[in-house]
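Secondary and tertiary structure notes
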Amino acid sequence: MATEATARGGYLDILRAPHAARLLAGTLVGRLPNGTGPIAMTLFVRDQGGSYTLAGGLIAAYGVSNAVGQPLLGRAVDLKGQPRVQLPAAVLSALGMALFALTGIGHLALAYAAVVVAGLFTPPLEGGLRALWPSVLGREDRVHRAYALDAVAQEVMFTVGPLLVTLLVALRSPAAALLVINVLGVLGALAVVLSEPSRAWRSAAREAHWLGALRSPGLLALLGSFFFVGLALGSITVAAVAYADDRGAPSVYGWLMAALGLGALAGGVLYGARQWSGAPERRLRVLVGLLAVCYLPLMLTPAPVAMTGLSVLSGVFLAPALACAFIVVDRHAPSGTVTEAFSWLVTTFGVGAALGSAVAGPAIELAGTVAGFAVAGAGGLVALLVLLATGRVLAAPAAAGSAARHADGEAVPTAVHAEKNTH
């Protein structure tokens, strides 16, 4: 059941809060290299004469190294603060991708090493932003709405990002696109870490445990599901390139990716315009189910105009599912692991996307473009099955989760914007 949001709880209320617009914009720009990396890398490899399999392999290496780095850097942020981790990581990541862009695929070992460095040091800006929202916004309902706004903003990036890459490729080259995107990424990270909330933020006290956030069964269940959502999206990235090549119109690829982002943007705006009651875990199952259903029509591979429409449809429930997942992460993450917990969501999403890219490449070469989109449909269905199979675990948030902390009165941010909870 949902009720219309009041003006007080709207997106404008969030953006008018001190520092909120800067943090959101900085994070958005800072994440451009990661958000557009698979697209730019695929176009770069194809321009260099490489195969879809090679492109998929490099993207997989980038994604897996990103998956390893995100929770490690997230834990470092929880322990050391944001500026000391985020900015150095952003610079190292950009240098890795610059090396890849300048040396190409002539020496495969060097190419793989460069993308691994770029992925490993991708700064956990996404998890860092969600850790900052409570200290910037205060009230629980505003933080929930900020999660929805966060998901919408991501889709702006996924809508504009492919078009920006396509434009840079058309004006200059795929190598230039890689370089420009990564320079922008460093500037975005710089804007975030120089802000007052980022400099003042400190994690809540945490129990020493080698598993960190992963000791929560509910978080593990959520991560298992979103691994397969990531797999679906990763396979679409490669399958869309093959579809564009089949049609003899490379520019179609950018439009398909932008259409998917536009659909997610529209879905996120509508989802965030309402306040939702009831358990978010139950709502998440419905959203992921609808997301899975909307992936299946992509296998029809109709003419470009119709395919663009199907791409819009395939994205409609992505941002709502992500926004709801952020709340579920918050409810199940142990105290003091906020950045790490959100970074694990990014990690599993990235590993899934990397595997999807790696699987889709050979599938396309063996059975055609339809097989690439079939990987996406299968990924969405398995994501739903995981949520259904783990319903009992997800129904019981960890005692250390946000609900318990709110009960203890830790939801009020301090004057120096120190984080007192994950919500």
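What counts and what doesn't
Residues numbered from 1 in each chain as written. Predicted model: local features only at pLDDT ≥ 70, side-chain atom pairs only at ≥ 80, totals over all residues. Heavy atoms only, no water. Phe/Tyr/Trp six-rings, centres within 6.5 Å; stacked < 30°, edge-to-face > 60°. Helix = DSSP H or I, 4+ residues; strand = E, 2+ residues; numbered from the N terminus. Buried < 20%, exposed > 50% of the residue type's maximum accessible area, 1.4 Å probe, protein only. Lys NZ or Arg CZ within 6 Å of the ring centre and 35° of its normal. Salt bridge = Lys/Arg side-chain N within 4 Å of Asp/Glu carboxyl O. pLDDT = per-residue confidence, 0-100. Contact = heavy atoms within 4.5 Å.

We now examine the packing of aromatic side chains. One pass over the structure, following the stated rule, counts five aromatic pairs. For the ring pair Tyr 147 and Phe 326, a centre distance of 6.0 Å and an interplane angle of 75 degrees mean the geometry is edge-to-face. Separated by 179 residues along the polypeptide, Tyr 147 in helix α8 (residues 140-171) and Phe 326 in helix α15 (residues 318-332) bring together distant segments of the chain. Assessed through its relative accessible area of 0%, Tyr 147 is described here as buried. The exposure class assigned to Phe 326 is buried, which follows from its relative accessible area of 0%. Ring centres 4.9 Å apart and planes at 90 degrees place the aromatic pair Phe 227 and Phe 228 in the edge-to-face group. Take Phe 228: its relative accessible area is 23%, and that puts it in the partly exposed class. Joined through ring pairs, the aromatic side chains of Tyr 147, Phe 326 and Phe 342 make up one cluster. In this arrangement the basic side chain of Arg 130 is found over the ring face of Phe 326, its NZ or CZ atom lying 3.6 Å from the centre.

Under the defined criterion, the tally for this structure stands at five salt bridges. Note that Asp 245 and Arg 46 form a salt bridge whose closest N and O atoms lie 3.4 Å from each other. Placement of Asp 245 in helix α11 (residues 217-246) and of Arg 46 in helix α3 (residues 32-47) is noted, with a sequence separation of 199 residues between them. For Glu 126, the salt bridge identified is with Arg 130, shortest N-O distance 2.6 Å. Of this pair, Glu 126 and Arg 130 both sit in helix α7 (residues 125-137), four residues apart, which is roughly one turn of the helix. You'll find Glu 126 and Arg 130 in the same group, each marked buried. Three or more residues joined by partner-sharing salt bridges are found here, namely Arg 31, Glu 126 and Arg 130.

Per-residue confidence for the chain averages 81 on the pLDDT scale, and 88% of its residues sit at or above 70. When mean pLDDT is compared element by element in the chain, helix α6 (residues 108-120) scores highest at 94, while helix α19 (residues 402-407) scores lowest at 38. Scored below 50 in pLDDT, residues 399-423 shows 63 contacts in the model against residues more than four places distant or in partner chains.

Moving on: the environment of Leu 284. Along the chain, Leu 284 falls in helix α13 (residues 280-295). Residue Leu 284 is classed as buried on the basis of its relative accessible area of 1%. Counting along the chain gives 40 residues from Leu 284 to Cys 324, while the straight-line C-alpha distance between them is 6.0 Å. Residue contacts for Leu 284: discarding those within four places in its chain leaves Leu 222, Phe 226, Ala 321, Cys 324, Ala 325, Val 328 and Leu 387.

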